[in-house]
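Working through the structure, step by step
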Amino acid sequence: MSLYITTPIYYVNAQPHLGHAYTTIVADTYSRFRRLCKEDVRFQTGTDEHGDKIAEAAAAAGIPPKEYADRISRLFQEAWPLLNIEPDTFIRTTDAHHVKTVQEILQKVHDKGDIYLGSYSGLYCRGCERFLTDKELVDGHCPDHQALPQPISESNYFFRMSKYQEWLIDHIEKNPDFITPERYKNEVLSFLSEPLEDLCISRPKSRLDWGIPLPFDAGFVTYVWFDALINYLSGIGYPDGEEFNHYWSVAEHIIAKDILKPHAIYWPTMLRALGLAPYKRLHVHGYWNINEAKMSKSIGNVVRPETLRQDFGVDTLRYFLLREMSFGLDASFSDETIIARQNSDLANDLGNLFSRSLTMINKFAKGTVPAPADLEPQDRALAEAATSMVAAYSAHMKSFAFHRALQEVWSVISLANKYIVTSEPWVLAKEPAKTHRLNTVLYHLAETLRLIGLVLLPVMPETSMKMAAALGITPEVFRKHNLIDHGIWGLTEPGVKIQLGASLFPRLDKKNGQNRSPQKQKVQAVSGESIKAESDIGLISFDDFRKLDLRVAEITAAEKIDKSDRLLKLTVMAPEERTVVAGIAEYYEPEELVGRQVIMVANLKPAKLMGVTSHGMILAARDEKGRLTLSSLAAGAMPGSKVS
Ligand code: MSP
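Right, let's walk through the structure included here.

Looking only at helices and strands, one finds 22 helices and 25 strands in the protein. Overall, the protein is about 95 × 60 × 40 Å in size when its C-alpha atoms are taken along their principal axes. Here the protein, with 644 residues, has 55% of them falling under the buried criterion. For the protein, the proportion of contacts with a sequence separation of at least 24, taken over those separated by at least 6, is 76%. Split by element, the accessible area of the protein, about 28600 Å² in all, is 52% carbon and sulfur. Mean positive and mean negative side-chain charge positions of the protein (73 and 80 charges, respectively) differ by 4 Å.

This is the structure in structure tokens:
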């Protein structure tokens, strides 16, 4: 199967923002997903550069419209690679081949008798670039632009859209997947239950000259929507290009609800007039609001994808957008929600599963994935869950339910984390008789991670690559993997060498908003003092107590210290990263500590213990027999929070 997927072509009167990024990330993710299903995909995006809005913005900037369009179009072209978005074509409506195609199509429809000269009086909204019907007005104003439309009376060319109304209703009803989600199909059908008017497709040059001249009347330019929609054809070489023959029948468009009418009504009727089949599917999503408010220049809350990338990283941004919005409905963006997703879903669930599993393979199996032995029910359950996840994930991805697809992946991540806790590999590792069992557990973790890495490729390409590399799959090999041949259990070859690397996701704190990176705390140079673990403590004053800086510390790595039975070297986030040496090796295995939150004395003078400098002390309880239990928090807290 093949796929031709498109985004709207964005107006060049505004710089790329979160809304544009979302649609384009969806298109990229969907392209990568269908490629992962071994399909042949063509992905197109671009910029819409003619019309009133652009002419006005250029005039305000004091430069000619083409120069202005070049400048803003470049910002879109440069934005997408930074988000790992890889379109096959970036089309501009000022491209000569597009202009030529629009003129050929106009001529064809005109010759057929579906374009005629008429006169029009009506209320014109400059923001919408179209005449509004009385019904659309709210208190006489355009509801989208809150502006009073202007009364205009003029001669213009019209497209006989009304002629195709019955055909369109019939097509929508017979093809339930033509417009999805269903609410948008219903919206279109409800609109079509009233008589459709013909579409005004020209603007007199006296009023606007920044547009494509009508081939049959030099006094007019083409209405921007009639010009823009044609990008979906000109981009693939209509009327006789090889790509056009190959891809038109598999065209799917992605848009937000703001431009439903042009895509669901103007466009299919234009195609019908041209004698072409309509596109295959229209996928319509809702709006991103910012902290519950509409994103707008006037409110000053426009979010730039570049800032988000710098603050949170590309993969976190892509994951967040796809996980947080249910396609079709509105969603709300805030720094707090993206930070919460990163800390819980990415750093905690996925990141910990990944780092614990690899650390254990490294330590207990000398860095190679061991061969599994006899299976126990919980091994079978994990393998079964991971395999059926691939199928459920694919079904949701196919129907644009990205958040559901990701929920499926995360339920396997959580199962695998529980599998570690219940199978206690660190206990198995202590008993030579249990090596077979240990090997089976480690194999199951590696294979589950491979499948998770594979399905995450469309959403988080960089993370997926990192996971594959850690599991010993080289980029050249991984690039050839697909869901059909590789989305099955048992392909990890025992004996493959893993590669320990950095953790997948750092934890973030609140400072990660508005392009503020976490401050790295300076750690002072050390003297040779040692930590006095216990001391004679009598009554202390509140002022003495206040001198203690107690903080929530999250353990991100733990390892034994050479030649010491008692000491572990911990890496903690509090929220900055630091090393702490703790005398808990007799009671805790390093692997079970990663991901735990403990309480740390953060303002102790650094001290060197067995050659490792410690920058803090972890609190623990010691019972009468001298056994230690680490401090913990009843619920997760932000690393670095003050304990008082
Ligand atoms: N130029 C037309 C489209 C012509 S397509 C033949 C246009 N351009 S636009 O720059 O206004 O882009 C609108 C599109 O940007 C939406 O349909 C959607 O894809 C995206 N978004 C813009 N703001 C958005 C949100 N706040 N939320 C989600 N997507 C949004 O219309």
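Moving on, we get to the pattern of salt bridges. Oppositely charged side chains may form a pair once their charged atoms are brought near each other. Inspection of the entire model under this criterion finds 32 salt bridges. Among the ionic pairs, E243 bridges to R42, the shortest N-O distance being 3.0 Å. Residue E243 is located in helix α9 (residues 242-247), and its partner R42 is located in strand β2 (residues 40-48); the two are separated by 201 residues in the primary sequence. Judged by its relative accessible area of 35%, E243 falls in the partly exposed class. In this structure, D330 engages K257 in a salt bridge whose closest nitrogen and oxygen atoms are separated by 3.0 Å. On the criterion of sequence distance, the pair formed by D330 in the loop between α12 (314-324) and β16 (331-333) and K257 in the loop between β12 (251-256) and α10 (260-273) is long-range, its members being 73 residues apart. For D330, a relative accessible area of 39% translates into the label partly exposed. Under the relative-accessibility criterion, K257 is labelled partly exposed at 27%. Residues participating in the shared-partner salt-bridge network are D28, R32, E86 and R318.

A word on the packing of aromatic side chains. What characterises a pair of aromatic rings is the spacing of the ring centres plus the angle enclosed by the ring planes. Per the counting criterion, the structure on display carries 26 aromatic pairs. Pairing Y116 with F158 gives two aromatic rings, centres 5.7 Å apart and planes at 20 degrees, and the pair type is stacked. Remark: F158 occurs in strand β6 (residues 150-159) and Y116 occurs in strand β4 (residues 115-125); sequence separation between them is 42 residues. Judged by its relative accessible area of 25%, Y116 falls in the partly exposed class. You can call F158 buried: its relative accessible area is 5%. Geometrically, the ring pair formed by F327 and F402 is edge-to-face, given 6.1 Å between the ring centres and 75 degrees between the ring planes. Placement of F327 in the loop between α12 and β16 and of F402 in helix α15 (residues 402-423) is noted, with a sequence separation of 75 residues between them. The pair formed by F327 and F402 is uniform in burial state, with each residue classed as buried. Each member of the aromatic cluster is reached from another via a ring pair, and the members are Y30, F33, F327, Y393, F400 and F402.

Okay, the packing of helix α13 (residues 335-364) against helix α17 (residues 435-456) next. At a minimum axis distance of 10 Å, the contact between α13 and α17 shows a crossing angle of 140 degrees. One way to sum up the angle between α13 and α17 is to call them oblique. The crossing of α13 and α17 is left-handed. Contact residues: L350, L353, F354, S357, M360, I361 and F364 in α13; L438, L442, L445, A446, L449, I452 and L456 in α17. Of the residues that constitute the contact of α13 with α17, the class distribution is 13 nonpolar, 1 polar and no charged.

A separate point is the sheet that holds β12. Overall, parallel pairing links the 6 strands, which are arranged β3-β2-β1-β12-β13-β7 in an open sheet. With partners counted over all chains shown, the strands left at the sheet margins are β3 (89-92) and β7 (179-180), one partner each. Taken together, the 2 bridges between β7 and strand β13 (residues 281-285) define a ladder with parallel strand orientation. Bridging across to β13, T180 finds its partner in H283.

A separate point is the site of the ligand. Neighbouring residues of the ligand: 23 residues in total, closest I9, T23, D48, D258 and W288. Here an oxygen atom of the ligand sits 2.8 Å away from a polar atom, N or O, in the side chain of D258. Broken down by secondary-structure element, the contributors of at least two residues to the shell around the ligand are β1 (2-11), α1 (18-36), α7 (224-229) and α8 (231-234). A per-element tally of the shell around the ligand places β1 first, with 4 residues.

With antiparallel pairing, the 5 strands of this open sheet are ordered in space as β19-β18-β17-β20-β23. Of all strands in the sheet, those bounded by a partner on one side alone are β19 (577-582) and β23 (617-618). Pairing of strand β17 (residues 550-560) with strand β18 (residues 568-573), which is carried by 6 bridges, proceeds in the antiparallel orientation. Bridge pairing in β18 places E554 opposite M573.

Moving on, we come to the side chain of T24. Residue position: T24 is located in helix α1. At 2.6 Å, the side chain of T24 and the backbone oxygen of H20 are in polar contact. Ignoring anything within four residues of it in the chain, the contact list for T24 reads T7, Y10, F43, T45, W80 and I85.

Attention now moves to helix α5 (residues 165-174). Among all positions of α5, only Q165, W167, L168, I169, H171 and I172 are buried. Where α5 is buried, its residues meet β7, α6 (182-191) and α10.

Rules used throughout
- Residues numbered from 1 in each chain as written.
- Predicted model: local features only at pLDDT ≥ 70, side-chain atom pairs only at ≥ 80, totals over all residues.
- Heavy atoms only, no water.
- Helix = DSSP H or I, 4+ residues; strand = E, 2+ residues; numbered from the N terminus.
- Buried < 20%, exposed > 50% of the residue type's maximum accessible area, 1.4 Å probe, protein only.
- Contact = heavy atoms within 4.5 Å.
- Areas by Shrake-Rupley, 256 points an atom, 1.4 Å probe, with all protein chains shown as cover.
- Lys, Arg positive; Asp, Glu negative; His and termini not counted.
- Charge placed at Lys NZ, Arg CZ, Asp CG, Glu CD.
- Salt bridge = Lys/Arg side-chain N within 4 Å of Asp/Glu carboxyl O.
- Phe/Tyr/Trp six-rings, centres within 6.5 Å; stacked < 30°, edge-to-face > 60°.
- Axes fitted to C-alpha atoms, helices over the stretch in contact; angles between N-to-C directions.
- Parallel < 35°, antiparallel > 145°, perpendicular 65-115°, else oblique.
- Left-handed = near helix turned anticlockwise from the far one by under 90°.
- Nonpolar A, V, L, I, M, F, W, Y, C, P; charged D, E, K, R; others polar.
- Pairing = 2+ DSSP bridges.
- Near = heavy atom within 4 Å.
- Polar contact = N/O pair within 3.5 Å; in protein donor to acceptor, adjacent residues only side chain to side chain.

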